[in-house]
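# Fold and contact review
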Amino acid sequence: MESIIGKTGIGFRKDFEEDFLTGTVLKPHFIEVAPENWIDMGGYWKKIFDKVTERYPLTCHGLSLSLGSPDELDWDFLKKLKVFLKQYNVQLYSEHLSYAKCDNAHLYDLLPIPFREDAVKHIIERIKTVQDFLEQKIAIENVSYYTPVAAEMEEYTFISEIVNGADCRLLLDVNNVYVNSFNHKYDAHAFIKKLPLDKVAYMHMAGHLQVEEDLIIDTHAENIIDPVFDLFDYTIQLVKPVPVLLERDYNFPEFEQLQGELNRLQQICNNVWIPQHAAAN
Amino acid sequence: MLLQTETKKIQSKLSNYCRKGENTLTTEVNQKRVHHYRRLVYNIIDDILQSAYPVFYGFADTKLWDEMVNTFYSNHACSTPQIWKLPGEFYQYACENNFKEKYKLPYLEDLLLFEWMELDIHTMKDEEYPAYKTEGDWSTDVIAINPEYRILSVKYPVHTTHPSEIKTDNPSQYFILIYREPNTGRVQFIDISVLYALTIEKIEEQKSITEIVDETQLLFNFPDKAFAREQIINFCKDLQKKEFVLGFRK
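Residues numbered from 1 in each chain as written. Chains lettered and ligands numbered in written order. Predicted model: local features only at pLDDT ≥ 70, side-chain atom pairs only at ≥ 80, totals over all residues. Heavy atoms only, no water.

This paragraph deals with the sheet that holds strand β3 (residues 58-61) of chain A. Residue and element names in this part refer to chain A. Read around the closed barrel, eight strands run β1-β2-β3-β4-β7-β8-β9-β12, paired in parallel fashion. In this sheet, neighbouring strand axes are inclined to one another by 30° on average, regardless of whether the strands run parallel or antiparallel. Examined bridge by bridge, strand β7 (residues 139-141) and strand β8 (residues 169-173) share three bridges and lie parallel to one another. The residue of β8 that forms the bridge with A139 is R169. In the packing of helix α9 (residues 255-280) onto the sheet, contacts are made with β1 (8-11), β9 (200-206) and β12 (244-247), and the angle to β12 comes to roughly 155°. (Pairing = 2+ DSSP bridges. Helix = DSSP H or I, 4+ residues; strand = E, 2+ residues; numbered from the N terminus. Axes fitted to C-alpha atoms, helices over the stretch in contact; angles between N-to-C directions. Contact = heavy atoms within 4.5 Å.)

This is the structure in structure tokens:
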């Protein structure tokens, strides 16, 4: 399959299976799924998934590994995950820098981890364990959050120490940086420069919704706004070419609109990365 | 464990608040905003249960539905990392905590089971099909059946009657064959008699129809065994048209 480096993709949605399989409007270079939604799946959807993954390269973005959880890692799930990643030849598997399980109960959403030194050490150990078990490096995503939780360090320090300490990759979600910079009143550009940008292996872009005067929720249900495109443009000048994913989970527009967003992202990437590549050669 | 007790406690307080709504966090979080986490988490659980139980959700009034979902999510530690399997935990919880009596809905367990099974059969892992041939002797050969099925036994006709019309004063016994069509993956269900439910169970044990009639003679006291065999063969032939019976085991 073709390389997805420097290319744009989109999350595969069951609602639009036909458009992914036979449609001519939506043309992602790759697709992304949450492995939790497909592991153990049989029947109709298994057949569709197999067809879709024959057509597109696949990346996986997990939801339930809960790297920041105080609970033990879920080994049964990890074993299934390893089989799944091998079965579908997934080269790029990412997870969130958050926790989604606590006191033995799954929450199915991404809760913010306290930015603390002990949490850093705890998560580094867990990422190393996961990487050793999966026999591949994983990428972790900077998540959006609406309140800091008992923070004792800056968010960028928290992320950087974990990525460097665990020797993992960074999934840089540019919309999340924008959302957090708005919600917590910091400079998004300065924040991005402080991240371990040499570790960026994947990028996410999405829309969001401002629900209060001083609060944005990361909904994945709106179009990407221009300031986030601008921040993306700024960011990719600082990182090497990587795959870029458009996240859209709800409130779908016409496919022409979605493809328009993919085209705009691809154009921004091409404007920066193709000349860089040419100059390097 | 490198995580200190204090950090663990804070994480536990936040997750506990999301699940139960009891906010014991003070200055650790922004109190004006933390409620968004409870709202977002609850909506995720509510959405997945609504889509898994469309009949009951459509029938129940909002207050009742919300109370059930809240009770479940507050008190049950959701164990699956795969949210699409969570409706099965909701069904189990409703049975273990006697929701049918608590909410005075005698058919509730049956309805939740039926709705969950439709979903579960649709998504269940692919089973290995038995080797089979299409030609054989209906009386003496062992019939090969589609392995992707369940037989449900319920007291109320939740598969044929809307909950608003179910008569709760006269429970009976119904058997439902629910299976996945091999080619389309669509889930089908058929109301079957106790004899046919037992027949499928015996076919699973690799008994021929002649053997099944012999073994069930005591139970059903067939006045005419040849007639009973004929009836069962016709039932199996009908199931072949419906893609449940595949043919004859090799």
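Before going further, it helps to spend a moment on the side chain of E155(A). As for its placement among the helices and strands, E155(A) is situated in helix α5 (residues 155-166). We note that E155(A) is buried and unpaired, the nearest opposite charge coming from R33(B) at a distance of 11 Å. Engagement of the side chain of E155(A) in a polar contact is seen with the side chain of Y145(A), the distance being 3.0 Å. Reaching out from E155(A), the side chain makes a polar contact with the side chain of N180(A) at a distance of 3.3 Å. Ignoring any residue separated from it by four or fewer positions in sequence, one finds E155(A) in contact with F115(A), V143(A), Y145(A), N180(A), Y186(A) and F191(A). (Buried < 20%, exposed > 50% of the residue type's maximum accessible area, 1.4 Å probe, protein only. Lys, Arg positive; Asp, Glu negative; His and termini not counted. Salt bridge = Lys/Arg side-chain N within 4 Å of Asp/Glu carboxyl O. Polar contact = N/O pair within 3.5 Å; in protein donor to acceptor, adjacent residues only side chain to side chain.)

What follows is about the packing of helix α3 (residues 75-87) of chain A against helix α4 (residues 117-134) of chain A. Residue and element names in this part refer to chain A. The N-to-C vectors of α3 and α4 enclose an angle of 45°; their axes lie 10 Å apart at closest approach. Looking at the two axes, α3 sits oblique to α4. Seen along the crossing, α3 lies across α4 with a hand that is right-handed. Each of W75, L78, K79, L81, K82 and L85 in α3 lies in contact with α4, whose residues at this interface are T129, V130, F133 and L134. Here the contact of α3 with α4 is built from residues that sort into seven nonpolar, one polar and two charged. (Parallel < 35°, antiparallel > 145°, perpendicular 65-115°, else oblique. Left-handed = near helix turned anticlockwise from the far one by under 90°. Nonpolar A, V, L, I, M, F, W, Y, C, P; charged D, E, K, R; others polar.)

What follows deals with the state of the cysteines. Residue and element names in this part refer to chain B. Per the stated rule, a full pass over the model turns up zero disulfides over all chains. Left without a disulfide partner, C78 is nearest to the cysteine sulfur of C18, which lies 12 Å away. Using a relative accessible area of 0% as the deciding quantity, one classes C78 as buried. (Disulfide = S-S within 2.5 Å.)

Judged by nonpolar contacts, the single largest core of 145 residues is most densely connected at F158(A), M203(A), F232(A) and F56(B). In this structure, F158(A) is in contact with L97(A), I113(A), P114(A), F115(A), R116(A), A119(A), V120(A), I123(A) and M153(A), ignoring residues within four places of it in sequence. (Core = buried A, V, L, I, M, F, W, Y, C linked by side-chain atoms within 4.5 Å.)

With 52 residues of chain A in contact, the opposing surface of chain B contributes 48 residues. Between chain A and chain B, a total of about 4100 Å² is buried, with carbon and sulfur atoms accounting for 58% of that surface. In terms of surface lost to chain B, no three residues of chain A exceed D40(A), Y108(A) and D118(A), which account for 16% of the buried area on that side. Seen at the junction of chain A and chain B, the total is four salt bridges. One can count 25 residue pairs in polar contact (both at pLDDT 80 or more) joining chain A with chain B. Secondary-structure elements contributing two or more residues to the side of chain A that touches chain B are α2 (43-55), α3, β5 (99-102), β6 (105-111), α4, β10 (209-212) and β11 (215-217) of chain A. Per-element tally for the side of chain A that touches chain B: the top contributor is β6(A), with seven residues. (Buried area = accessible area lost by both parts, 1.4 Å probe.)

So, on to the environment of N170(B). In this fold, N170(B) is placed in the loop between β3 (149-154) and β4 (174-180). N170(B) sits 85 residues away from K85(B) along the chain, and the two C-alpha atoms are 33 Å apart.

Residue and element names in this part refer to chain A. Summarising burial for β9: seven of the seven residues are buried, a large majority. Where β8 and β9 come together, four bridges link them in parallel fashion. Opposite D173, over in β9, you have H204 as the bridge partner. Inspection of the sheet shows β9 paired to β12 by four bridges, in the parallel sense. Across the sheet, the residue bridging to H204 is L245, located in β12.

Bear in mind that shape data such as this cannot, by itself, settle questions of function.
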